[in-house]
Amino acid sequence: MKPLVGALCLLLASANATELPVLSADELKAKVAEITAAQNQVMLQGSSRADVDKLFAHYTDDFVYRHDVYGGNYSKEKLYANTVRLLDMGKYDKTEPRYRIVAQMPGYNAIAVERQEVHKGVVKNHLAVFEFRHDKVVKIIEYWK
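What this report covers is the structure whose coordinates are included nearby. (Residues numbered from 1 in each chain as written. Predicted model: local features only at pLDDT ≥ 70, side-chain atom pairs only at ≥ 80, totals over all residues. Heavy atoms only, no water.)

Quick notes on unusual backbone geometry
And step 1. We note that N109 has phi near 55°; this positive angle belongs to a residue other than glycine.
And step 2. Residue position: N109 is located in the loop between β3 (99-106) and β4 (110-119).
And step 3. Overall, the relative accessible area of 5% leaves N109 in the buried class.
And step 4. Even without glycine at this site, H134 takes up a positive phi of about 60°.
And step 5. Locating H134 in the fold gives a position in the loop between β5 (122-133) and β6 (136-142). (Helix = DSSP H or I, 4+ residues; strand = E, 2+ residues; numbered from the N terminus. Buried < 20%, exposed > 50% of the residue type's maximum accessible area, 1.4 Å probe, protein only.)

Encoded structure:
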């Protein structure tokens, strides 16, 4: 009986040790503001590979970007390659930041974010959900067209 009790205690201790730290609402909001600023920087005229690297440092190794309307799922590697390709082609030429945060609704290691984009004089609001593991983004899901 003692080996069984010892095994159960070990199992419970390891289960508690693997619980993820929970980011507070303020931490989630600050992270989204930092990531949005990094995304905006990449899209500005004169941005560099260092700006791309700074943005992608916010993402976990198994990060996934999902936008069903515009292409589906992208791994971190695929999204990075696409971002660098567009940068090298000179496609990032904005003179003002793309996004402005309008509202945020924090949850359990995730946050829904409403961001506003003005493109060619047209104002659009975009909804995205950022999911975190520790202090990095593990998934972004976009819900706009």
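A closer look at the side chain of S47
And step 1. Mapped onto the secondary structure, S47 falls in the loop between α2 (25-43) and α3 (49-56).
And step 2. Given the relative accessible area of 13%, S47 is considered buried.
And step 3. Among the polar contacts listed, one links the side chain of S47 to the backbone oxygen of V42, at a separation of 2.6 Å.
And step 4. If we ignore the near neighbours within four places in the chain, the residues touching S47 are Q41, V42, L87 and Y92. (Polar contact = N/O pair within 3.5 Å; in protein donor to acceptor, adjacent residues only side chain to side chain. Contact = heavy atoms within 4.5 Å.)

So, the sheet that holds β3
And step 1. An order of β2-β1-β6-β5-β4-β3 is seen for the 6 strands of this open sheet, with the pairing classed as mixed. At either margin of the open sheet sits one strand with a lone partner, and together these are β2 (72-75) and β3. Going from strand to strand, the sheet's axes swing by 20° on average, the running direction of each strand aside.
And step 2. Pairing of β3 with β4 involves 7 bridges; the strand directions are antiparallel. Bridging across to β4, A103 finds its partner in E114.
And step 3. Packed on one face of the sheet, α2 meets β1 (59-67), β3, β4, β5 and β6 and runs near 155° to β3. (Pairing = 2+ DSSP bridges. Axes fitted to C-alpha atoms, helices over the stretch in contact; angles between N-to-C directions.)

Concerning the pairing of β4
And step 1. Between β3 and β4, which pair antiparallel and follow one another directly, the connecting turn spans 3 residues, one of which, N109, has a positive phi of 55°.
And step 2. Linking β4 to β5, which pair antiparallel, is a turn of 2 residues; within it K120 sits at a positive phi near 55°.

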